[in-house]
Amino acid sequence: MLLPFFNWLNGLPVSQAIGGSIWIYPLVQAIHLVFLALFAGAILMVDLRLLGVTLRSQSVAQVARDARPWLIAGFLGMVCTGIPQLMQNASREYYSEYFWYKMYLIAFGLIFTLTVRRKVSQGTESTPASKLVGLVSILVWGSVVVNARLIGLFT
Amino acid sequence: MADFLMPLHDLFFWVSEMPSSIAIRESLYVSPYLTVSHVVSMCIFAGLIVMMDLRLLGVGNMRTPFSEVQRRLFPWQMLGMGMSSVTGLTLAFADPMRFYVNIFFWTKMLVMVLAGINAMAFHFITYNSVVKWDSAANTPFGARLSGALSIVMWAVVIVSGRLIPYNWFQNS
């Protein structure tokens with residue numbers, strides 16, 4: 001159903017220009033990874049606090065509030081560097097199962113982070129519920145990374 | 001090739017002829033999955049290093065004293081470093097001659113050494129005065145310098161690592 005859209009995306013002059021340059025695509029990929037480090041750090045610091053294994057002298061809410069701007073910056077940076085990669089590769093990525101796993105996982109991760117995890121991050125102490133949320137968050141975002149890397153390796 | 005590089009070349013070549021190196025190189029799945037694990041370990045290591053660097057710069061995680069951030073994140077950073085080292089060394093072990101001729105690989109190695117020196121310099125010089133600025137609104141110049149250098153250098157490490165497959169400058 002989305003194939004015509006993906007083909008259209010791939011055919012755009014901008015997408016063709018990205019594909020026509022030998023260095024734009026690799027550099028965008030590399031910068032995507034730098035933003036990934038920022039995003040992962042902001043996610044992990046809060047998740048480890050939710051799990052109750054680090055920074056225990058600070059409240060969960062304090063750690064979460066400190067991490068938020070970097071979490072948003074990291075995510076936006078990855079969207080901005082992810083879309084050009086998709087544009088250049090759209091017709092091929094449409095057929096990659098890993099690409100779709102990654103998209104579903106991001107959708108779930110976003111909803112989870114903005115609802116359940118956000119709610120739990122307002123607490124003070126690590127509780128059994130917050131531990132579960134921290135664990136789910138690490139597993140979901142970790143799976144996004146794994147599937148993302150597999151797109152390039154097995155497509 | 002310059003003569004002083006011969007021992008290095010011979011070492012890489014010797015490793016590339018080892019049966020275990022050949023076995024990993026010829027397997028279809030080991031290297032791809034090592035690459036995936038290397039990226040996951042990078043997230044743990046670089047992610048938590050950046051979180052500490054932002055605190056050093058005085059722009060992030062300011063609600064927590066610096067020594068607290070440093071001490072609590074350290075074991076997790078070391079976990080990430082251990083995982084990255086094991087996966088990275090195995091990848092290099094599996095195909096040494098591919099990396100030997102790669103400018104991005106050597107850039108990455110060099111900048112990693114520099115980042116290590118920066119971390120040591122911070123630890124043995126600036127960190128000695130941590131009690132004076134642990135919870136202060138501003139961090140001292142030395143701390144900001146180390147934090148900025150660390151972010152820039154680890155970003156260069158990530159970028160050059162990602163560029164290794166693109167061998168634009170290889171002529172052999």
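Scroll up for the structure.
If you're wondering where the values come from, they're calculated on a predicted model, not measured in any experiment.

Glancing now at the nonpolar core. Note on soluble globular proteins: their nonpolar side chains tend to be buried together. If you look at the biggest cluster of nonpolar residues, it comprises 64 residues, and the most contacted ones within it are Ala37(A), Phe39(A), Ala42(A), Cys43(B) and Ile158(B). When contributions to this core are tallied by element, the ones reaching two or more residues are helix H3 (24-50), helix H4 (60-93), helix H5 (97-120) and helix H6 (128-153) of chain A together with helix H3 (30-57), helix H4 (66-94), helix H6 (103-124) and helix H8 (141-163) of chain B. Every residue in contact with Ala37(A), bar those within four places of it in the chain, is listed here: Met42(B), Cys43(B), Ala46(B), Gly47(B), Val50(B) and Ile158(B).

Take H3(B) next. Look at H3(B): 39 Å from first C-alpha to last across 28 residues, which is about the 40 Å you get at 1.5 Å a residue. Count one or two residues on from H3(B) and you reach Gly58(B), which has phi positive near 80°.

The subject of this paragraph is the packing of H3(A) against H4(A). Residue and element names in this part refer to chain A. Two numbers describe how H3 lies on H4: the axes approach to 8 Å, and their chain directions differ by 155°. Relative to H4, the element H3 lies roughly antiparallel. For the pair H3 and H4, the crossing hand works out as left-handed. The residue inventory of the contact of H3 with H4, partitioned by class, reads 22 nonpolar, 8 polar and 1 charged.

Turning our attention to the interface of chain A and chain B. In this complex, chain A contributes 28 residues to the contact, which on the side of chain B involves 30 residues. Ranked by residues supplied to the side of chain A that touches chain B, first place goes to H3(A) with 14 residues. Residues that form the side of chain A that touches chain B fall into these classes: 19 nonpolar, 7 polar and 2 charged.

Calculation criteria
Residues numbered from 1 in each chain as written. Chains lettered and ligands numbered in written order. Predicted model: local features only at pLDDT ≥ 70, side-chain atom pairs only at ≥ 80, totals over all residues. Core = buried A, V, L, I, M, F, W, Y, C linked by C-beta atoms within 7 Å. Buried ≥ 20, exposed ≤ 12 C-beta atoms within 10 Å, placed from the backbone. Helix = DSSP H or I, 4+ residues; strand = E, 2+ residues; numbered from the N terminus. Contact = placed C-beta atoms within 7 Å. Expected span 1.5 Å × (residues − 1). Axes fitted to C-alpha atoms, helices over the stretch in contact; angles between N-to-C directions. Parallel < 35°, antiparallel > 145°, perpendicular 65-115°, else oblique. Left-handed = near helix turned anticlockwise from the far one by under 90°. Nonpolar A, V, L, I, M, F, W, Y, C, P; charged D, E, K, R; others polar.

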